[in-house]
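# Working through the structure, step by step
Here are the chains, one letter per residue:
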Amino acid sequence: KKHEPAMRLLLLLLTALPATVLSCADGFNTWLDGRCFRMNYYSPTYYDNSFSTCDKDNARLPTIKNAEENDEFFSALKQYNSFSAYSFWLGLTCNGEKFVWADGSEAEYTNFADDYNCTSSSTGRRYYIDNDRLWYESKDGRDYGINNIVCEGINRSASPCDSFALLQTGKSTEVCYQLQGQEQTWNQAENTCKDLGAHLSAIHDQTLNDFIRRTAVAAGKLDGVHIGITEDSNTGNYSWSDGSEIDYDNFVPGFPSDSYGNCVAMETGFLPGQWMNVDCYSTKLPYVCTKPAFYATNSQPAGCPVKTQYAPGDEIFSPAYPQAPGATSCDYLLLEPNQNKRAEVTIDFFESNTCCDTLTVYDGLFGSNILQTLTGFYSSPLTIRASSNAIRLSWNAKSGEHVRGFHAKMSSCC
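What counts and how
Residues numbered from 1 in each chain as written. Predicted model: local features only at pLDDT ≥ 70, side-chain atom pairs only at ≥ 80, totals over all residues. Heavy atoms only, no water. Buried < 20%, exposed > 50% of the residue type's maximum accessible area, 1.4 Å probe, protein only. Helix = DSSP H or I, 4+ residues; strand = E, 2+ residues; numbered from the N terminus. Pairing = 2+ DSSP bridges. 1 Å grid on protein atoms, 1.4 Å probe; cavity = no way out; pocket = protein on both sides within 12 Å on 5 of 7 lines; lining within 4 Å. Points joined across faces, edges and corners; volume = space filled by probe spheres on them. Phe/Tyr/Trp six-rings, centres within 6.5 Å; stacked < 30°, edge-to-face > 60°. Expected span 1.5 Å × (residues − 1). Arc of directions from axis to C-beta. Contact = heavy atoms within 4.5 Å. Polar contact = N/O pair within 3.5 Å; in protein donor to acceptor, adjacent residues only side chain to side chain. Salt bridge = Lys/Arg side-chain N within 4 Å of Asp/Glu carboxyl O.

So, on to the pairing of strand 20 (residues 328-335). Alternating residues of strand 20 divide into Thr328, Cys330, Tyr332 and Leu334, all buried, and Ser329, Asp331, Leu333 and Leu335, none buried. Two strands pair when backbone bridges link them, and strand 18 (residues 309-310) and strand 20 are joined in this way by 2 bridges, in the parallel orientation. By the bridge assignment for strand 20, Tyr310 is matched with Leu334. Sheet topology places strand 20 next to strand 26 (residues 390-397); 8 bridges connect them, and they run antiparallel. By the bridge assignment, Leu334 is partnered in strand 26 with Ile391.

As structure tokens, then:
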């Protein structure tokens, strides 16, 4: 009894903390059933290369559990590229008695092109799936023409930053960061950050600016680091690569200068923490990738929301967010009362199964003019603007399993 007040206080403190939920590791995406995958294109690739590529990232070759998943793999692949043919190695082997997957489970489903048997003489054989969606046996794992490496993430991360480190800024949105020591051009660096679900660092106050500079100096990077601000050569306007607002800058006096390039770097040595513009294509520097930390909000009710019409400032959620929405289809009508303004929606967070779940953004309340269709995982906020004062969102989840859905906010402009 004497401990009850302390326990009640502890429970109150715990419920006040932001909740973390499981997410895919950096570079991976939700393809089906909330499982995390990544695809690399090679031509050709042998089994050993595919295996080691996945293994070095704490991943494994994929498991396919049933006929539906077999088809969904190809639906997911087509969302990422326009290849006309796909083939990749499976995490399937023969242990001398039965077929097993890389996680040790028995293969209760197979889709072999022929009558392959698992015997003591076939333990070294490997298996791949071809464009006809049938599975083929390889005697040595060196068949020519397998053109993709598909890796399945072993674990989902409970950290709000995945493999990045967390910087607590004291603001409503905390920042995840990762210093990349290899020197690259600005464009190469931004692409590397995007592959990790981030962008080159977007800096909105002196605290983060100083922190990035100290991080670089501590790692011995004294010649500067790329940051995520660039100039549009047509308009002369500067913008952050993650699309966020420019509300802070720290340029060296006299910069930006028309005599230099359209990209920007932070000086970490003789002008500590100040910015200069540099050439986007020839200046190679280390860099810091940043992204917002993800915390779950309070859970939303299951099923489509009772509210269907939204105004500027309103928040919009998928069913049960941030829990799995399940198989649901919902429409959301976004209306700016002033007909002279244009409706906008910002997708703050989005995670769905690429195989089966989409959010379609339509221009106007009626009609079929699609502004954008979203699927998979988006690591940074995305703002979509209509040509009029109205937007229609159509959420269509055929799976909706083990993913978090979406969180959006309506606004208007112009």
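Here we take up the layout of surface pockets. Considered as a void within the structure, the second largest pocket measures approximately 230 Å³ in volume. Around the second largest pocket, the lining is made up of 12 residues, and of these Asp26, Gly27, Phe28, Arg38 and Leu196 lie nearest the centre.

Tallying each qualifying case throughout the model produces 31 aromatic pairs. Ring centres 5.8 Å apart and planes at 90 degrees place the aromatic pair Tyr47 and Trp89 in the edge-to-face group. A residue pair is termed long-range when its members are at least 10 positions apart, and Tyr47 in helix 2 (residues 47-55) and Trp89 in strand 4 (residues 88-89) qualify at 42 residues. Since its relative accessible area comes to 8%, Tyr47 is described here as buried. Taken together, a centroid distance of 5.7 Å and an interplanar angle of 20 degrees make the contact between Tyr128 and Tyr136 stacked. Classification of Tyr128 by relative accessible area gives buried; the value is 11%.

Another aspect to go through is helix 5 (residues 206-218). Its 13 residues give helix 5 an end-to-end C-alpha distance of 18 Å, which sits within 8% of 18 Å, the value for a rise of 1.5 Å per residue. Within the span of helix 5, buried status applies to Leu208, Asn209, Phe211, Ile212, Thr215 and Ala216. Taken end-on, helix 5 shows its buried residues confined to a sector of 165 degrees, consistent with a single buried face. Opposite the packed face of helix 5, turned more than 90 degrees from it, sit the exposed residues Thr207 and Ala218. Buried residues along helix 5 sit against strand 10 (165-167), strand 11 (175-184), strand 13 (225-231), strand 15 (263-266), strand 16 (275-278) and strand 17 (285-292). With a side-chain oxygen positioned 3.2 Å from the backbone nitrogen of Thr207, the residue opening helix 5 is Asp205. Looking one or two residues past helix 5, Gly220 carries a phi angle of roughly 80 degrees, positive in sign.

Attention now goes to the sheet that holds strand 23 (residues 370-374). Strands sit in the order 18-20-26-22-23 across an open sheet of 5 strands; the sheet is mixed. Here the strands that pair on one side only, and so sit at the sheet edges, are strand 18 and strand 23.

Moving on, we come to the pattern of salt bridges. Under the defined criterion, the tally for this structure stands at 9 salt bridges. In this structure, Asp57 engages Arg38 in a salt bridge whose closest nitrogen and oxygen atoms are separated by 2.6 Å. Here Asp57 is found in the loop between helix 2 and strand 3 (59-60), whereas its partner Arg38 is found in strand 2 (residues 35-41), with 19 residues between them in sequence. Accessibility expressed as a relative area gives 34% for Asp57, which makes it partly exposed. Between Lys307 and Asp314 there is a salt bridge; the shortest N-O distance is 3.0 Å. Take Lys307: its relative accessible area is 41%, and that puts it in the partly exposed class. Because the salt bridges share partners, they merge into one network encompassing Arg35, Glu69 and Glu152.

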